[in-house]
Each structure stands twice: as C-alpha cells, then as structure tokens.
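Examination of the molecular architecture
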Amino acid sequence: MSGTFVGMPAFPEAAHEAVHNTTLRGNLRHATHTIRAKRANAVAEVSDWAALREAGKQIKDHTLRHLDRYLVQLEESVTAAGGTVHWAADADEANRIVTYLVKATGESEVVKVKSMATQEIGLNEALEAEGIRAYETDLAELIVQLGKDRPSHILVPAIHRNRGEIRDIFAREMSEWGRPAPEGLTDTPAELAEAARLHLREKFLRAKVGVSGANFMVAETGTLVVVESEGNGRMCLTLPETLISVVGIEKIVPTWRDLEVFLQTLPRSSTAERMNPYTSTWTGTTDEDGPQTFHLVLIDNGRTDTLADEVGRQALRCIRCSACLNVCPVYERAGGHAYGSVYPGPIGAILSPQLRGTGSDIDASLPYASSLCGACYEVCPVAIDIPEVLVHLRERVAQGGPVTENGNKVVLKPAKGHGAERAAMRAARWAFSRPGALRTGQRLASRTRRFHPRTLPGPGKAWSASRDLPALPPEPFRDWWQRTNGGRETGK
C-alpha cells in the first residue's frame, strides 16, 4: 500500500487533536446522523434484507476462495472483448504502468473518477512527478483536490467540510485548475453544484485519457461496473479516447447474476437509495462508441497477504458502502484523517494494517481505534465481523509478528506499551492452569486488600484514571462456598 499517509501520528494522537475541532465534529455529526437515519429507512423497506446480506457474504467468500481461477477468467474475458490487462504487485508497479500508458498517448492531462484504489497507491502524485496533471471529477473528490486536502470518508470524501468552507475553496482555487468560480458565488447547494459542473465540463470535453476505478468486475464477461450519483463518472468513462481502469483484485464477482445482489444492497447501505442514479458498465471496446483503447490494471498491493489470513481476509469482502463509518462513535468524533489512510473508519482500521502491515505507529494503533460496540458489523451488507478482526489484529500487534509485508516475511518487535499486558496474560495463564496456586493467590489477595492501591501503577495508570478498580471480596468464592455449603447454611 502506498505510503502517502504514512508518517502521520498514531491514531490516539491524531484523534486527540481532532476531537478539539468543534467545526469538524459538528460537520461529522450532522452528516453521519443524516445518512444513518436514511439508510435505516431504506433497508427497512426490504423484507429479505437478511437473506441478501447472507448472499453477498457467500458470494464474496466463494470468490475469494477461488480468486486465482476467477482472475484468469476475467483476464481472458477482457482480452477477448478488446481490452488489455496489466498486473501490478504493488503501488510502485501500478503507478509505473499507468504513467507509461498515459505517456504513450502523448497527453499530459487525465480525468479521474471512482478512484479510491488510485488514492491508495498515490497515483496523482506519481503522475505529477512525470508532468501529468490528474483532475478529480467526483464532486467531493474535486473539493478535496482543490482544497489541497485528503479524503476523510469513503462515500463522501469531503464530509468534514461545510458549505461555507466549500464556497471559499471554489472561489479561491478553481481559477488555478481551470474555469474560475462565478463572481458572487454563495454557499447554496445549487450554486456550488453549478460552479462545479461548469468547471468540470471543459475538462470532460478536452480530455483524451480517463482513469477510473470500479465497484465490481464480472469474470464471465469481462465487464466493469461503476455506480455513482452525479453522472460525472459516465462522462469520464465514455468521452475519452483511452480509458485506464485501476482496480483491486478483490472487486471481482463471478457472474452477472451475482451482481444483482450487490446492486440492491450497495445503494441502500451507502446513499440510502433504492438504486444508484447512474450504473455504468463497459466491456472492452466497441468501434466508434466510447473509448477506443481500454486498459485494466489489476492491483494486489497487500491483498494476497490479507487473503492468506483466515480471520482477516473477510475485510476483502468490503464493497465500500461506508455504512460502518456512519454508525461508528469513534469515527464520528475523530474524523477520517485520524486514521492516516484513504480507508478510514472501522473498515480502515482492519484493512489498512493488513494491506500496509503493522510496522508503523499509525498502523499498529488502528486496531485499537474502536470501542468494539459491534454497530459496524450490524450494518455491514456483506457481514464483515469487524470487531472479530480488530481483536485478531490487536493480538498480532501485541505479539509483534511474524507478518508479511510486500511479499517478504518480517518479524516485528512487540508493540511499545504492551509488555506489561503480555506479562500479565502469561501470569494469568500460569495461575489458571494450577488450581492450588490460584487458590493461594486469591486468599493472599483477599487478606491484603486493605493495602491495595486505588489506581494501577506504570502503564496501567492511564487505564485506571477513568475507571474504578474492582474491590476485592473479604474471602475468595471457593472459600465462601466451602464455608457455607454452597450458600445453604446462610439461606442465600
């Protein structure tokens, strides 16, 4: 995974700063609560939602188990339809491939849409280094790009911005990227949308190369699918002469019939709509209709390593609906930037550490960026048990390895601050496997309870600063049971 966001502080530090930003918290609270309520109503309309959710899970799990076979089938189908497939093991290779393909056209500009995978690999920066300018065309992505910002939400990358901030960004930055914002621009949604439409239209009509991602790839036909709400994606997918789609290998589904399930669950879970306003599909190339050259760049970038983890691999089911972000109390207060990745929120807390490894402070801290309340699992349309994976990754961080990064086995040192926890767990394991020692320890603890501190020393001090340590009883339960004959002598 790209190092674009690596170097940021660990999640606790970034979140500590974010929670003091009252504007950010207000923007997030309003947006997530609104989307959450609309989603609940949209899902309630579907009587077989639980069955659709299970079907999505089963389709994804089946595909991941046979990913090698379906990827080969996809390549054959795309090639037969007139496209060209490229394989990228990591971010650097993917960037080299795309840069080469753009340069081969002789163009120095590209328009982009549905590009989370390209953000993951840092494609815009790689293109810029080679003198190629990339223009984001999704409205929220445009706001992020013009504001020299980073995305903070999967569905609404500019969710941390309010209308006034967006107006200021348009008025200040649009002229540097193309058509300037209209004079006297206000913060009404209609005026902001019109300013963006005028700004982007000239780019669509001029661009010869388009770069896209995809929501799904259908192995049996080689078809790629993009769902969106604005129509900008369709402009990007149909007007350029050359289309380059950059997609993670996990986005594949075997058949068109499988696609039917996700076209019902994705819009309801993401935008709370019964169906997406724009669903674009393309299969290779067609004479005199749409792009005449089509390239598909398939990215691994840590996905194969994730697939090898029997617990963690379920993160690859994700269809990027963002429902887990909208119900997460931690995300609502900390915002997306605190996660240090293009994938924020609960899904990012389990996906980023697997794609990038847990060697950096930010990635080692992400599995702890959760209260484990389980709300994310309840709303996930493909039933990813995010709390289970979080606990699994916490164990990996505490133990320190071994893990695989970029195809190489590396052994990490145990994470800082977990030494006392590991020692406590080893002591507990030893005691619980020796009943006599456990009984002696319980008696000793009860008899010395008046001398016990009210807070934990050392690394445990922060934990007990906001919690009361449980009071020890005057005698262990086993002694009480033996003395009272199981409670019968006391009448209890």
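What you are looking at is a predicted structure, and each value in this text was computed from that prediction instead of being measured.

Brief notes about the nonpolar core
Core analysis: the largest hydrophobic core is formed by 80 residues, its most contacted members being Phe-11, Leu-296 and Ile-350. Once residues within four sequence positions are removed from consideration, Leu-296 is found in contact with Leu-74, Val-78, Thr-84, Val-85, His-86, Met-217, Leu-224, Ser-245 and Val-247. Within the second largest apolar cluster, 23 residues are counted, among which are Ile-169, Leu-192, Ala-195 and Ala-196.

Things to note about the sheet that holds strand S1 (residues 84-88)
Strands pair in a sheet through their backbones, by hydrogen bonds, and they do so in one of two ways: parallel or antiparallel. Strand order in the open sheet formed by six strands is S1-S10-S7-S4-S2-S3, and the pairing between neighbours is parallel. The strands lining the two open edges of the sheet, one partner per strand, are S1 and strand S3 (133-136). Between one strand axis and the next, the sheet turns by 25 degrees as a mean value, whatever way the strands run. Where strand S4 (residues 209-212) and strand S7 (residues 242-248) come together, four bridges link them in parallel fashion. Bridge assignment links Val-209 to a residue of S7, and that residue is Thr-242. Contacting S1 and strand S10 (293-299), helix H4 (residues 67-80) crosses the sheet at an angle of about 145 degrees to S1.

Considerations on the pairing of S4
The alternating pattern of S4 places Val-209 and Val-211 on one face and Gly-210 and Ser-212 on the opposite face, and all of these are buried. Sheet topology places strand S2 (residues 109-113) next to S4; three bridges connect them, and they run parallel. Bridge pairing in S4 places Val-111 opposite Gly-210.

As for the UniProt feature "domain: LUD" (unreviewed entry) in the chain
Mapped onto this numbering, the UniProt entry annotates "domain: LUD" (unreviewed entry) at residues 73-299. Segment residues 73-299 splits into 44% helix and 22% strand. End C-alpha atoms: 16 Å apart.

Details of the sheet that holds strand S9 (residues 278-283)
Spatial strand order, S8-S5-S6-S9: four strands in an open sheet with mixed pairing. Among the strands making up the open sheet, the edge pair consists of strand S8 (252-253) and S9. Against the sheet, helix H12 (residues 256-270) engages strand S5 (216-218), strand S6 (223-228), S8 and S9, with an angle of about 160 degrees to S5.

Some words on empty space enclosed by the protein
The probe, sized like a water molecule, is rolled over the atoms to show the empty space still left. Applying the stated criterion across every chain, the model contains two cavities of 30 Å³ or more. Considering only enclosed or pocket space, the largest cavity measures out at about 100 Å³ in volume. What lines the largest cavity is a set of 15 residues, among which Cys-318, Cys-321, Cys-324, Ile-347 and Cys-380 lie closest to the centre. Counted by class, the lining of the largest cavity contains 13 nonpolar, one polar and one charged residues. A volume near 70 Å³ is recorded for the second largest cavity.

Cut-offs and rules
Residues numbered from 1 in each chain as written. Predicted model: local features only at pLDDT ≥ 70, side-chain atom pairs only at ≥ 80, totals over all residues. Heavy atoms only, no water. Core = buried A, V, L, I, M, F, W, Y, C linked by side-chain atoms within 4.5 Å. Buried < 20%, exposed > 50% of the residue type's maximum accessible area, 1.4 Å probe, protein only. Contact = heavy atoms within 4.5 Å. Pairing = 2+ DSSP bridges. Helix = DSSP H or I, 4+ residues; strand = E, 2+ residues; numbered from the N terminus. Axes fitted to C-alpha atoms, helices over the stretch in contact; angles between N-to-C directions. UniProt positions renumbered as here; feature names shortened; annotations may be inferred. 1 Å grid on protein atoms, 1.4 Å probe; cavity = no way out; pocket = protein on both sides within 12 Å on 5 of 7 lines; lining within 4 Å. Points joined across faces, edges and corners; volume = space filled by probe spheres on them. Nonpolar A, V, L, I, M, F, W, Y, C, P; charged D, E, K, R; others polar.

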